[in-house]
Amino acid sequence: SATKRGSPPVDDVFTIAIDAGHGGVDPGAIGLNGVYEKDVALAAAKELATMIEERGGYRVVLTRTKDIFLPLRERVAIGRRSGADLFLSLHADSINDTKVKGVHVYSLSDTASDKEAEALAAKENKADIIAGIDLAAHPPDVSSILLDLSQRETNNFSADVANVLVQTWEAHGLKLLKKPHRQAGFAVLKAPDVPSVLVELGFLSNASEVKKLSKRKGRAAILEALANAVDLYFKTVVPKG
Ligand code: ZN
């Protein structure tokens, strides 16, 4: 569907890109029980895709459906090519302190996004259409400004998504990490025109969470809450017309 935010998708279907973190030679974190983050992320991505599609009104695109390595930039590109209205990257965290647990979400910080917007403007073909603006039609300096504006607007939407996620997780009674909405310069969140968040489903370094996240049944509650949050975001935050 169309990615121009503020207007409904042309086909009345929102497109969600779900990105299973890591893969192939990159296992991500390794859990207390030996489970790989890349496998938890892929299983979760597929399960979440099914949950979202079952609600109707959504098309889901997965950045990977197999255990393969994908560069971060390629993940972003898949989201943009698919015309995604939302990009969700799924991960599971790990830390030295085995007591730390809780779901949390990252959105892109302003400072990091400005640099990336510049880099993207230089690297990518200027014919790219950012938020419906044909960059090839403008001189380079104007294009950078448009790209910057697009990134800023997108960052606001990404922060909205993260806030809806946190509220929904709280409403579902899930265990949240202290300060559950964080901001950082994740490369995978740097699409200038697709609201993007990175979800850490929990900690593979925590005995109870790794046990939960290793099994479909254990993942179900958090993924259901995530599907509800996505639905809530599109029904309440994204303006129609
Ligand atoms: Zn990860």
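Residues numbered from 1 in each chain as written. Predicted model: local features only at pLDDT ≥ 70, side-chain atom pairs only at ≥ 80, totals over all residues. Heavy atoms only, no water.

Q: With reference to specific residues and values, describe the pattern of salt bridges.
A: Here the structure, examined in full by the defined rule, presents nine salt bridges. Between Glu 224 and Arg 55 there is a salt bridge, and its shortest N-O distance comes to 3.1 Å. Note that Glu 224 is positioned in helix α6 (residues 216-237) and Arg 55 in helix α1 (residues 37-55), a separation of 169 residues in sequence. For Arg 80, the salt bridge is made with Asp 193, and the minimal N-O distance between the two is 2.9 Å. A residue pair is termed long-range when its members are at least 10 positions apart, and Arg 80 in helix α2 (residues 72-81) and Asp 193 in the loop between β7 (176-184) and β8 (196-203) qualify at 113 residues. Taking relative accessible area as the criterion, Asp 193 reaches 5% and is therefore assigned buried. By sharing partners, the salt bridges in this structure join Arg 55, Glu 224, Asp 231 and Lys 235 into a single network. (Salt bridge = Lys/Arg side-chain N within 4 Å of Asp/Glu carboxyl O. Helix = DSSP H or I, 4+ residues; strand = E, 2+ residues; numbered from the N terminus. Buried < 20%, exposed > 50% of the residue type's maximum accessible area, 1.4 Å probe, protein only.)

Q: Break down the nonpolar core for me, citing the residues and quoting the values.
A: By size, the foremost hydrophobic cluster in this structure holds 47 residues, and its most contacted members are Ile 16, Trp 169 and Val 199. In this structure, Val 76, Tyr 106, Ala 191 and Val 194 belong to the second largest nonpolar core, which totals 11 residues. (Core = buried A, V, L, I, M, F, W, Y, C linked by side-chain atoms within 4.5 Å.)

Q: So what's going on with the environment of Lys 178? Which residues, and what values?
A: On the secondary structure map, Lys 178 appears in strand β7. Given the relative accessible area of 74%, Lys 178 is considered exposed.

Q: Before we move on, can you summarise the environment of Asp 39 with the specific residues and values?
A: You can see Asp 39 is positioned in helix α1. Looking at Asp 39, the relative accessible area reads 37%, which means it is partly exposed. Along the backbone, Asp 39 and Gly 28 are 11 residues apart, and their C-alpha atoms lie at a distance of 9.1 Å.

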